[in-house]
Amino acid sequence: MGFPKDFLWGAATAANQYEGGYVSGGKGLSVQDTVTGGDGIHGIPRMISIKYADGTTGELPLKFGSEIPSGASAYVDENKYYPSHVATDFYHHWKEDIALFGEMGFKSFRLSLNWTRIFPNGDEEQPNEEGLKFYDQIFDECAKYGIEPFVSMNHFDCPLHLATKYDGWANRKVVDFFMKYVETILTRYKGKVKYWMTFNEINFCRGYQMIGITEAESNEQKLNQAIHHILIASAKAVKLTHEIDPENKVGMMLAYLLSYANTCNPDDVLAEIDFSREIKDFYLDIQCRGYYPNYKIKEFERKGIVLEKEEDDDQVLMDGTVDYIAFSYYNSHVISATPVGESAGGNHMMGIKNPYLESSEWSWGIDPKGLRVALNKLWNTYQKPLMIVENGLGAKDTVAEDGAIHDTYRIDFLRKHIVEMEKAICEDGVELIGYQAWSAIDIVSAGTGEMRKRYGFIYVDKDDDGNGTLARIRKDSFYWYKKVIASNGEDLE
Ligand code: BGP
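Residues numbered from 1 in each chain as written. Predicted model: local features only at pLDDT ≥ 70, side-chain atom pairs only at ≥ 80, totals over all residues. Heavy atoms only, no water.

Visitor: I'd like a description of the nonpolar core, backed by residues and values.
Guide: The biggest cluster of nonpolar side chains holds 146 residues, and the ones touching the most others in it are Phe101, Phe106, Trp169, Phe178 and Met421. Considering each element in turn, this core owes the most residues, 12 residues, to helix α8 (residues 220-244). Excluding residues within four positions of it along the chain, phenylalanine 101 makes contact with Tyr18, Phe106, Phe109, Ile147, Ala440, Ile441 and Ile458. Met197, Met253, Tyr324 and Val389 belong to the second largest nonpolar core, which has nine residues in total. (Core = buried A, V, L, I, M, F, W, Y, C linked by side-chain atoms within 4.5 Å. Buried < 20%, exposed > 50% of the residue type's maximum accessible area, 1.4 Å probe, protein only. Helix = DSSP H or I, 4+ residues; strand = E, 2+ residues; numbered from the N terminus. Contact = heavy atoms within 4.5 Å.)

Visitor: Describe the site of the ligand, listing the residues and the values that go with them.
Guide: Neighbouring the ligand are 16 residues, the closest being Gln17, Glu201, Gly447, Lys453 and Tyr455. In the model, an oxygen atom of the ligand is placed 2.6 Å from a nitrogen or oxygen of the glutamate 201 side chain. Here glycine 447 contributes a backbone N or O atom positioned 2.7 Å from an oxygen atom of the ligand. Contact with the protein chains covers 99% of the free accessible surface of the ligand, which is 380 Å². Among the residues forming the shell around the ligand, the class breakdown is six nonpolar, seven polar and three charged. (Near = heavy atom within 4 Å. Polar contact = N/O pair within 3.5 Å; in protein donor to acceptor, adjacent residues only side chain to side chain. Areas by Shrake-Rupley, 256 points an atom, 1.4 Å probe, with all protein chains shown as cover. Nonpolar A, V, L, I, M, F, W, Y, C, P; charged D, E, K, R; others polar.)

Visitor: Outline the packing of aromatic side chains, listing residues and values.
Guide: Tallied over the full model, the rule gives 34 aromatic pairs. With a centroid separation of 5.1 Å and an interplanar angle of 65°, the aromatic rings of tyrosine 166 and phenylalanine 177 are classed as edge-to-face. Of this pair, tyrosine 166 sits in helix α5 (residues 160-166) while phenylalanine 177 is found in helix α6 (residues 173-188), placing the two residues 11 residues apart along the sequence. Judged on exposure class, the residue tyrosine 166 and its partner phenylalanine 177 are both buried. Of note, arginine 117 hangs over the ring of phenylalanine 134, and the distance from its end group to the ring centre comes to 5.2 Å. Cation over ring: lysine 296 sits above phenylalanine 282, and NZ or CZ is 4.7 Å from the ring centre. (Phe/Tyr/Trp six-rings, centres within 6.5 Å; stacked < 30°, edge-to-face > 60°. Lys NZ or Arg CZ within 6 Å of the ring centre and 35° of its normal.)

Visitor: Tell me about the environment of alanine 163, and please be specific about residues and values.
Guide: Along the polypeptide, alanine 163 turns up in helix α5. Here the alpha-carbon distance between alanine 163 and glycine 65, two residues 98 residues apart in the chain, equals 8.4 Å. Beyond its immediate sequence surroundings of up to four residues, alanine 163 is in contact with Val31, Phe64, Cys158, Gly168, Tyr208 and Gly212.

Visitor: Can you explain the packing of helix α2 (residues 90-104) against helix α4 (residues 129-144)? Please cite residues and give values.
Guide: Packing of α2 against α4 brings their axes to within 10 Å, and their N-to-C directions diverge by 10°. Taken as axis vectors, α2 and α4 run roughly parallel relative to one another. Mapping the contact onto sequence places Phe90, Tyr91, Trp94, Lys95 and Ile98 in α2 and Phe134, Gln137, Ile138, Glu141, Cys142 and Lys144 in α4. Among the residues forming the contact of α2 with α4, the class breakdown is seven nonpolar, one polar and three charged. (Axes fitted to C-alpha atoms, helices over the stretch in contact; angles between N-to-C directions. Parallel < 35°, antiparallel > 145°, perpendicular 65-115°, else oblique.)

Rendered as structure tokens:
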């Protein structure tokens, strides 16, 4: 009983929320670097805010096709605050941070690479050597502590130049640019990185901030074409990952949005099936089985959506099925055929409030048993090894008078999820290879750009406006997780 001997305990991060150094070492701008702070902080909404060479400024949607002047800092408005620019500064704290991860006993650490650190514009012939070297150091440092890196090739990240010149992933050419980047990183980090993931939360790769396309919400034809390009790129990346090193393991990464039908009314049940297909099953089916499922084909027929495909696209999808399923799990959703009840909170907020669950400070329903349900559904349907690469509680932490951070609420959240995870392994026979909490250390919130919404085991001194020393402090959850890992999940107290 208990967790498998080689269970990959660890935690996760994402480059644009953590790394900072947004124009250091030759890095180019990514779309995320043009997203301002805000979202209710001081009553200011978040926006894409950019400055053009002629000095004019623009806000979402960006002028598509605008000429990009040279010199990355020309594109942001110095009067605005952009959380990704410094984030929590992994760029300058990597040694210290990885030492702290080592101290916690991490077996694995998930990070994403900044595409624009390696190809500053996205469409160059040659990569930026300084950017490649940055990640060399990271992987070498992880190796010192016996930490297995899990690398997301893309975490909500699109070079700004690809957005403005090509309309992001709406343009098929971006598949080739991406593949050049993928080949570069796979070749460079061969032997250093074994576990790869293609696109973070591929089911949420939509919209300007994620994939650099305009009109994503209003033009379904265009959005589905862009998603097709992403799926093709992912499948090609999977194949190449195996070709470059047969030892590699490559997974898809999905936001697992568990959903329940609101009642046993068959209309609610059908509504839940529709929701699930749209929001997650489609991505799982195609990446695990290698072809568009019938319900999607029928949906396209109904809506008159016709994808432009290259001749070998079907074969590409078939050849690019994944080795494992990585997923994030935060909360669950209740789906009703008719609009009833109060709506629920969540990053990708959908559905109505579940009266059986407690909620986080950000109104996300807390559902540890739902994790067991999710693990069982995934395993029973696809029989691919599973990896939890995000699970955690966003909460406001305060530094107590004794200088400590007593985040018992976070410990409680994680403990309850780990208990259910163990049941899924030991009682249900689910094949789960590891667990990574979100997040290893405090980082900027993806959804809101806030700092006060913290997830980490390590507190970082920084506020919503970017002030702070960036000093690192171990939270109570740090010591707790260290014990969990040391006991291989036996000691959860
Ligand atoms: C997921 C993203 C992460 C992360 C997490 C928490 O959707 O993959 O990047 O941030 O959600 O969300 P938030 O930061 O908005 O609280």
